[in-house]
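# Summary of the model geometry
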Amino acid sequence: MFSGDMATAGEILRRSLTDEVGVSKGSVSGSEELHVLAVDDSFVDRKVIERLLKISSCKVTVVESGSRALQYLGLDGEKSSVGFNDLKINLIMTDYSMPGMTGYELLKKIKESSAFREIPVVIMSSENILTRIDRCLEEGAEEYILKPVKLSDVKRIKDVIMGGDGKQKKRRSVRKRGREDRIYSLSPSSLVQSSSSPAFDFLPSELKSSSPFSTLSLSKRPKLQTRD
Amino acid sequence: MDVLSQLQRQLADFLASLYREGFVDDQFTQLQKLQDESSPDFVMEVVSLFFEDCEKLVNNMAKVLEQQVVDFKQVDSHVHQLKGSSSSIGAARIRNVCIAFKTFCEGQNREGCLRCLQQVNHEHAQLKANLQSLFTLERQIVAAGGSVPAMQ
């Protein structure tokens with residue numbers, strides 16, 4: 001547990017938490033590197049995701065629960081006078097099914113926070129449940145990917161995140177030996193692409209419209225529109 | 001054929017058989033890709049973690065299943081965890097048992113669950129032995145001056 005002394009909160013908090021949660025010692029060129037916060041309650045999955053990200057040249061912080069993630073981000077209600085601007089997280093990847101706080105609940109909390117709502121959140125799940133996927137995307141998740149997570153998934157997500165800034169990267173359609181697409185997102189370009197795949201039939205009907213921009217009407221919140 | 005080539009041939013054949021017989025699947029290949037000079041024992045480490053996790057989960061499930069009144073939701077939750085981690089490392093047979101196992105949990109079928117638990121134990125032991133042979137072969141190759149290539 002981090003010490004109660006919050007006087008020089010930012011740096012110290014991050015350091016003591018990182019000691020506990022295991023930040024990878026990434027390369028020295030900090031500005032180019034993506035810093036990813038990964039959340040998963042499974043030992044095995046944490047080890048795998050950490051390695052997947054490190055080998056993809058990302059700086060990684062892995063935590064075991066939603067509440068630890070919020071703690072790390074400083075969103076757990078602990079009062080701090082120092083902003084966490086030096087805590088530069090570029091991406092959050094979280095498991096969906098976790099005891100205590102689910103990935104969905106974590107997603108909501110992040111999107112409710114003014115400091116962190118712009119951070120893309122990717123949900124990982126072993127379950128291909130459309131209502132669940134739909135809910136997560138509506139809540140503002142960048143992607144919902146099916147486990148087990150592969151190197152190509154990480155590479156693709158990284159490309160999307162880094163390619164950002166108005167420039168939508170074309171999404172390679174992901175086929176896994178005939179199985180349906182494992183990646184779902186609401187980004188217009190990806191939907192245009194997926195319309196040609198049989199997997200498209202599995203998407204909720206609102207997403208099937210041929211015009212990419214009408215998909216934005218799915219969003220109950222204006223922010224989903226402005227994100228693009 | 002010199003010793004090194006023989007060993008490498010053995011490794012390739014052995015690995016191919018593991019895939020063919022469904023002990024491991026594509027995700028295991030993914031793990032191999034994550035191993036490099038900076039993390040030379042990654043596969044072995046993850047696999048060890050998995051076996052520990054598996055054992056722990058099996059013990060928990062056994063305890064729950066031997067109660068007078070079985071809390072099938074609990075068993076199901078453990079199975080779900082096991083299914084997830086076996087899937088993450090490519091332990092295909094174990095994952096498949098978990099799929100059947102879940103069905104028995106949903107059906108509140110104690111007998112079925114106990115059979116699956118036995119099956120998990122069996123597959124766990126087999127996989128462990130197989131992977132140990134694999135790692136031994138890899139070590140022998142390295143000791144003979146060879147390197148272990150990233151698996152196809």
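Residues numbered from 1 in each chain as written. Chains lettered and ligands numbered in written order. Predicted model: local features only at pLDDT ≥ 70, side-chain atom pairs only at ≥ 80, totals over all residues. Heavy atoms only, no water.

Where an unreviewed UniProt entry is consulted, chain B appears under the name Histidine-containing phosphotransfer protein, with the organism given as Salix brachista. Note on chain B: under the UniProt heading Function (unreviewed entry), the record states "Functions as a two-component phosphorelay mediators between cytokinin sensor histidine kinases and response regulators (B-type ARRs). Plays an important role in propagating cytokinin signal transduction." (UniProt positions renumbered as here; feature names shortened; annotations may be inferred.)

Under an unreviewed UniProt entry, the name given to chain A is Response regulatory domain-containing protein, and the source organism is Salix brachista.

## Quick notes on the pattern of salt bridges
Between side chains of opposite charge, a pair can form when the charged atoms approach closely. Applying the stated criterion across every chain yields a total of 14 salt bridges over all chains. Between Lys56 of chain B and Asp53 of chain B there is a salt bridge, and its shortest N-O distance comes to 3.8 Å. One end of the pair, Lys56 of chain B, and the other, Asp53 of chain B, are both in helix H3 (residues 42-65), 3 residues apart, so they sit about a helical turn from each other. Among the charged side chains, a salt-bridge network with shared partners connects Asp40, Asp45, Asp95 and Lys147 of chain A. (Salt bridge = Lys/Arg side-chain N within 4 Å of Asp/Glu carboxyl O. Helix = DSSP H or I, 4+ residues; strand = E, 2+ residues; numbered from the N terminus.)

## As for the nonpolar core
Inside soluble globular proteins, nonpolar side chains tend to come together where they are buried. Of all hydrophobic cores here, the largest spans 64 residues; its most connected members are Met93 of chain A together with Phe101 of chain B. Looking at this core element by element, the count peaks at 12 residues for H3 of chain B. Here Met93 of chain A is in contact with Val36, Leu37, Ala38, Val39, Ile49, Leu53, Val122, Met124, Ile145 and Ile157 of chain A, once residues within four sequence places are set aside. Counting 28 residues, the second-largest nonpolar core is a separate cluster that includes Val63, Ile89, Leu106 and Cys136 of chain A. (Core = buried A, V, L, I, M, F, W, Y, C linked by side-chain atoms within 4.5 Å. Buried < 20%, exposed > 50% of the residue type's maximum accessible area, 1.4 Å probe, protein only. Contact = heavy atoms within 4.5 Å.)

## Section: the UniProt feature "domain: HPt" (unreviewed entry) in chain B
Mapped onto this numbering, the UniProt entry annotates "domain: HPt" (unreviewed entry) at residues 39-134 of chain B. Across residues 39-134 of chain B one finds 85% helix and 0% strand; the C-alpha atoms that close the span lie 18 Å apart.

## Structural notes on the environment of Val149 of chain A
Mapping Val149 of chain A onto the fold places it in the loop between strand E5 (143-146) and helix H6 (151-163). The exposure class assigned to Val149 of chain A is buried, which follows from its relative accessible area of 8%.

## Comments concerning the interface of chain B and chain A
Counting from both sides, the interface comprises 22 residues of chain B and, opposite them, 17 residues of chain A. Of the roughly 1700 Å² buried where chain B meets chain A, counting both sides, 61% is carbon and sulfur surface. Where chain B packs against chain A, one counts 3 salt bridges. Note that Asp26 of chain B and Lys150 of chain A form a salt bridge whose closest N and O atoms lie 3.6 Å from each other. Where chain B meets chain A, there are 8 residue pairs in polar contact (both at pLDDT 80 or more). Where the side of chain B that touches chain A is concerned, the elements lending two or more residues are helix H2 (26-33), H3 and helix H4 (72-89) of chain B. Residues belonging to the side of chain B that touches chain A are distributed by class as follows: 7 nonpolar, 9 polar and 6 charged. (Buried area = accessible area lost by both parts, 1.4 Å probe. Polar contact = N/O pair within 3.5 Å; in protein donor to acceptor, adjacent residues only side chain to side chain. Nonpolar A, V, L, I, M, F, W, Y, C, P; charged D, E, K, R; others polar.)

## Focus: helix H1 (residues 3-20) of chain B
Side chains of residues three or four places apart in an α-helix project in the same direction, reflecting 3.6 residues per turn. All names here are of chain B. Taking 1.5 Å per residue, 18 residues should reach 26 Å; H1 reaches 25 Å between its end C-alpha atoms and fits that length. Regarding H1, the residues found buried are Leu7, Leu11, Leu15, Ser17 and Leu18. Projected down its long axis, H1 shows its buried positions confined to an angular sector of 160 degrees, all on one face. Residues of H1 that are buried in the fold lie against H2 and helix H6 (110-143). Looking at where H1 begins, the residue whose side-chain oxygen comes 3.2 Å from the main-chain nitrogen of Leu4 is Asp2. (Expected span 1.5 Å × (residues − 1). Arc of directions from axis to C-beta.)

## Comments concerning the UniProt feature "modified residue: 4-aspartylphosphate" (unreviewed entry) in chain A
Residue and element names in this part refer to chain A. Here, UniProt's "modified residue: 4-aspartylphosphate" (unreviewed entry) annotation points to Asp95. For Asp95, a relative accessible area of 6% translates into the label buried. When sequence neighbours within four positions are dropped, the list of residues in contact with Asp95 reads Val39, Asp40, Asp41, Gly103, Met124, Ser125 and Lys147.

## A word on the UniProt feature "modified residue: Phosphohistidine" (unreviewed entry) in chain B
Per the UniProt record, "modified residue: Phosphohistidine" (unreviewed entry) is found at His80 of chain B. Tracing the backbone shows His80 of chain B in helix H4. With residues near it in sequence (within four places) discarded, His80 of chain B still touches Ser97, Ser126 and Glu127 of chain A together with Lys102 of chain B.

## Quick notes on the sheet that holds strand E1 (residues 34-39) of chain A
Residues and elements named next belong to chain A. Across the sheet, 6 strands lie side by side as E2-E1-E3-E4-E5-E6; this open sheet has mixed pairing. The open sheet has two edge strands with one neighbour each: strand E2 (58-63) and strand E6 (183-184). Alignment of strand E4 (residues 121-125) against E5, held across 4 bridges, turns out to be parallel. By the bridge assignment, Met124 is partnered in E5 with Ile145. The strands touched by helix H4 (residues 103-112) within the sheet are E1, strand E3 (91-95) and E4, with E4 carrying the most contacts at an inclination of about 175 degrees. In this fold H6 packs onto E1, E2, E3, E4, E5 and E6, with an angle of close to 170 degrees to the strand it touches most, E5. (Pairing = 2+ DSSP bridges. Axes fitted to C-alpha atoms, helices over the stretch in contact; angles between N-to-C directions.)

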